[in-house]
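Survey of secondary and tertiary structure
The chain contents come next:
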Amino acid sequence: MKAQDFRYERPSTMDEALAILADTDQEAQPLAGGQSLMPMMNFRLAAPDVLVDLGGVPELSGICEDNGEIVIGAMTRYRDLMASEMVARDVPLLAAALPHIAHPAIRNRGTLGGSLALSDPAAESPAVLLALGGSVDLRSASGQRSVAADEFFFGLYETARQPEELITAVRLPKAAPGHRFGFYEITRRHGDYAMIGVAVAQAPDWRIAFFSVAGTPLRATDAEAVLNADASDIDAAVAALASLEIDGDRHGDPAMKRHLAGVALRRAIGGMS
Ligand SMILES: Cc1cc2nc3c(=O)[nH]c(=O)nc-3n(C[C@H](O)[C@H](O)[C@H](O)COP(=O)(O)OP(=O)(O)OC[C@H]3O[C@@H](n4cnc5c(N)ncnc54)[C@H](O)[C@@H]3O)c2cc1C
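Residues numbered from 1 in each chain as written. Predicted model: local features only at pLDDT ≥ 70, side-chain atom pairs only at ≥ 80, totals over all residues. Heavy atoms only, no water.

Considerations on the packing of aromatic side chains
Two numbers describe a pair of aromatic rings. These are the distance of the centres and the angle of the planes. Put simply, the test is: Working definition: a ring pair exists when centres of Phe, Tyr or Trp rings (six-membered ring for Trp) sit within 6.5 Å. Plane angles under 30 degrees give stacked, over 60 give edge-to-face, the rest tilted. Secondary structure elements follow DSSP: runs of H or I of four or more residues count as helices, runs of E of two or more count as strands, with numbering from the N terminus. Throughout this description, buried means an accessible area under 20% of the type-specific maximum (1.4 Å probe, protein chains only), exposed means over 50%, and partly exposed covers the range between.
What the rule picks out here adds up to two aromatic pairs. Ring geometry for Phe183 against Phe211: centres 5.8 Å apart, planes inclined by 20°, an arrangement best described as stacked. Taken together, the residues span a long stretch of sequence, with Phe183 in strand β11 (residues 180-186) and Phe211 in strand β13 (residues 206-211) at a distance of 28 residues. No difference in accessibility class separates Phe183 from Phe211, as the two residues are buried.

This is the structure in structure tokens:
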């Protein structure tokens, strides 16, 4: 199948892009790396009237430090994140997750902002954002706001972003000495979406975010409480996953996925550095 007819726009500034999204007469959708949106359009799961290609807006790309946070432009591609010394040094949890995201061809085009806007429940970056307690900068023609990771993910492919808003940047706290991070995912083949995965931060409080367990990435707050009381009690942290509301999917029923969650958590903590 081919995509339904659409108008293609390639603005060169953010204001131009926001003006097109603000026009409520037509449904406009931003195009980032196109790695998910183009297949969705070809399958007619998405049928925007106007496609707003963000590739011509330079202010949406780049990585910088601002007030103790690493700020990543929404259009920054995975390839550039993997090549960044700042990401490797200051956001090691993101650096650990990146090689697990799809394959090089997809990472050459796919963007961090696109992944967070899509909010696939099996994607790595939403869980990394949640484990780090970062935030998402949003802008529309009428204003801007920042939404904390804990308030960003609503449901299956649903986020706090409104249709007229662009994700402009992602803010992740810079790692400090003594902070530790771990990442582990279980897949049938490297590069596939995970059957289950977990991102863990001890910075200095514990934050644990699972992905591919439910409609959104999920924090394991009971397990976090166990580890905040005694960081060596990993058995109790795994037992505390009993309270996590895990859905079954094509990979397994909730009981099997809960078992895998425990395996992933032990391995993520075992590999923390
Ligand atoms: C074969 C295959 C395997 C994959 N495996 C994985 C995997 O293992 N893990 C993983 O995480 N991902 C995986 N992906 C998805 C890939 O990581 C994509 O990069 C990601 O889903 C979307 O990023 P994108 O930049 O391509 O966004 P697009 O496809 O361009 O857009 C996705 C959605 O986000 C919206 N959007 C994009 N940018 C913005 C913005 N700045 N503001 C507001 N809305 C925006 C678009 O309108 C669209 O609705 C895979 C994709 C393929 C094709």
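Looking at the site of the ligand
To keep things clear, this is the line we draw: Definition of nearness: a residue and a molecule or strand are near each other if at least one heavy atom of the residue lies within 4 Å of the molecule or strand. Any N or O atom pair separated by 3.5 Å or less is treated as a polar contact, with the protein-specific requirement of one donor-capable and one acceptor-capable atom, and with residues adjacent in sequence counted only for side-chain atom pairs. In this description, accessible areas are obtained by the Shrake-Rupley approach with a 1.4 Å probe, and a residue is regarded as covered only by the protein chains that are shown. Only Asp, Glu, Lys and Arg are considered charged in this grouping, and only Ala, Val, Leu, Ile, Met, Phe, Trp, Tyr, Cys and Pro are considered nonpolar; every other residue, Gly among them, is considered polar.
Lining the immediate environment of the ligand, one finds 30 residues, of which Pro30, Ser36, Leu37, Thr111 and Glu124 sit closest. With respect to the ligand, the backbone of Ala32 contributes an N or O atom lying 2.9 Å from an oxygen atom. Between the ligand and Ser36, the relevant distance is 2.6 Å, taken from an oxygen atom to a side-chain nitrogen or oxygen of the residue. Within the complex, the protein chains bury 90% of what would otherwise be the 970 Å² of accessible surface of the ligand. Residue assignment for the shell around the ligand shows that the elements contributing at least two residues are β2 (28-31), α7 (112-118) and β10 (166-173). Counting residues per element, the shell around the ligand draws most heavily on α7, at four residues. Within the shell around the ligand, the residues separate by chemical class into 16 nonpolar, 11 polar and three charged.

Considerations on helix α1 (residues 14-22)
Every α-helix carries 3.6 residues per turn, so stepping three or four residues along brings you back to the same face. What counts is decided by this rule: Directions drawn from the helix axis to the C-beta atoms are what define this arc.
Taken together, the buried positions of α1 are occupied by Met14, Ala17, Leu18, Ile20 and Leu21. Burial along α1 is one-sided: seen end-on, the buried residues are contained in an arc of 160°.

Thoughts on the domain arrangement of the protein
Defined as follows: Where each domain begins and ends is defined by an automated method or by a domain database. Should any heavy atoms of two residues lie within 4.5 Å, those residues are counted as being in contact. As a working definition, buried area equals the accessible area (1.4 Å probe) given up by two parts on being put together, with both sides summed. Any Lys or Arg side-chain nitrogen found within 4 Å of a carboxyl oxygen on Asp or Glu counts as a salt bridge.
As far as domains go, the protein holds domain 1 (7-53), domain 2 (60-173) and domain 3 (181-270). Taking the mean C-alpha position of each, domain 2 and domain 3 sit 20 Å from one another. Tallying the contact residues gives 26 residues for domain 2 and 23 residues for domain 3. Together domain 2 and domain 3 conceal approximately 1900 Å² of surface at their shared face, both sides included; 66% is due to carbon and sulfur atoms. Taken together, domain 2 and domain 3 are joined by two salt bridges. When the shortest N-O distance is used, the salt bridge between Arg207 and Asp150 registers 3.0 Å. Among the elements of the structure, α5 (92-97), α8 (124-132) and β8 (153-155) are those that each provide at least two residues to the side of domain 2 that touches domain 3. Counting residues per element, the side of domain 2 that touches domain 3 draws most heavily on α8, at seven residues. Across the side of domain 2 that touches domain 3, the residue classes tally to 19 nonpolar, four polar and three charged.

Observations concerning the pattern of salt bridges
As a working rule, side chains carrying opposite charge can pair if their charged atoms are close by. Applying the stated criterion across every chain, the model contains 15 salt bridges. Linking Asp53 and Arg10 is a salt bridge whose minimum nitrogen-to-oxygen distance equals 3.0 Å. Within this pair, whereas Asp53 is found in strand β3 (residues 50-53), its partner Arg10 is found in the loop between β1 (7-9) and α1, the two being separated by 43 residues in sequence. Put simply, Asp249 and Lys257 hold a salt bridge, and the shortest N to O gap is 2.5 Å. Overlapping salt bridges bring together Asp66, Glu69, Asp137 and Arg171 as one network.

Comments concerning the nonpolar core
As a reminder, the rule being used: Here the nonpolar core consists of buried residues drawn from Ala, Val, Leu, Ile, Met, Phe, Trp, Tyr and Cys, with membership extended through side-chain atoms lying within 4.5 Å.
In this structure, Leu94, Leu116 and Phe152 are the most contacted members of the largest nonpolar core, which totals 38 residues. The element that contributes the greatest number of residues to this core is α8, accounting for six residues. Two domains each provide a minimum of three residues to this core, namely domain 2 (60-173) and domain 3 (181-270). Among residues more than four places away in sequence, those in contact with Leu94 are Ile72, Leu81, Val87, Val128 and Leu172. By size, the runner-up hydrophobic cluster in this structure holds 28 residues, among which are Val200, Trp206, Leu218 and Ala268.

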